[in-house]
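Each chain, written out:
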Amino acid sequence: QQPVQSPQAVILREGEDAVINCSSSKALYSVHWYRQKHGEAPIFLMILLKGGEQKGHDKISASFNEKKQQSSLYLTASQLSYSGTYFCGTEERTSGTYKYIFGTGTRLKVLA
Amino acid sequence: EAQVTQNPRYLITVTGKKLTVTCSQNMNHEYMSWYRQDPGLGLRQIYYSMNVEVTDKGDVPEGYKVSRKEKRNFPLILESPSPNQTSLYFCASSYSGGAIETQYFGPGTRLLVL
């Protein structure tokens, strides 16, 4: 079962803020966030390894609530370059397996 | 330059004709993985490898094979491709010292099976 992301899509004007949520039905050991431009490879944004951890760089930050099995990505004062599809991702550890599961994705479009 | 390379980038083939997509990384990563990406379905893991000679199924392994004979290479093999394997494929690698860390992706391979 993939983590579910919300919203599925969002349109912003330059300078506006956005929050993308990632919710899992299973325990999250870590959460990764990636951004993908159309037709290109996903690019790593950040990783959160501990419950409650918050990280950020530039105007993009993220939080991880291990108890609620949720993570959120915060985009502040959005720029045109933020447009793309955002994915959360996590390991699925079951009986010695190390599968990796991506979330359902959130399309973000920033308009001038 | 640290990178993951995939070849070919584009491939058109016919049903049943065996093909191999190569993947190589120069970062000495233990964990390597193949994903397919389809519209509306996001990125799904096909196979992964924790290290040399250690591979395991992801969520959509049917119709695919992999091998990991060397740490840097992780080829994806389609023994008898079918049209439902038309997709965009990504190889990725990362360190895995207890947890899967940052995944570095190759540029992708667009496959069309007629």
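Each remark here, short or long, concerns the structure printed above.
Residues numbered from 1 in each chain as written. Chains lettered and ligands numbered in written order. Predicted model: local features only at pLDDT ≥ 70, side-chain atom pairs only at ≥ 80, totals over all residues. Heavy atoms only, no water.

Caption draft 1: Layout of the overall build of chain B. In terms of regular secondary structure, chain B is built from zero helices and eleven strands. In chain B, the succession of helices and strands from N to C terminus is β-β-β-β-β-β-β-β-β-β-β. Here the C-alpha radius of gyration of chain B, 13 Å, is about what a compact globule of 114 residues would show, namely 13 Å. Projected onto the principal axes, the alpha-carbon positions of chain B cover approximately 40 × 30 × 25 Å. A burial count over chain B gives 51% of its 114 residues as buried. Counting only carbon and sulfur atoms, one obtains 52% of the accessible surface of chain B, whose full area is about 5,300 Å². Counting 12 positive and 10 negative side-chain charges, chain B places the centres of these two groups 7 Å from one another. (Helix = DSSP H or I, 4+ residues; strand = E, 2+ residues; numbered from the N terminus. Rg over C-alpha atoms; globule rule 2.2 N^0.38 Å. Buried < 20%, exposed > 50% of the residue type's maximum accessible area, 1.4 Å probe, protein only. Areas by Shrake-Rupley, 256 points an atom, 1.4 Å probe, with all protein chains shown as cover. Lys, Arg positive; Asp, Glu negative; His and termini not counted. Charge placed at Lys NZ, Arg CZ, Asp CG, Glu CD.)

Caption draft 2: Geometry of the sheet that holds strand β3 (residues 19–25) of chain B. Residue and element names in this part refer to chain B. Read across the open sheet, the four strands follow the order β1-β3-β8-β7; overall the sheet is antiparallel. Edge strands, defined here as strands with exactly one partner in the open sheet, are β1 (4–7) and β7 (65–66). Note: β7 against strand β8 (residues 76–78), two bridges, orientation antiparallel. Residue pairing across strands places K65 opposite I77, the latter belonging to β8. (Pairing = 2+ DSSP bridges.)

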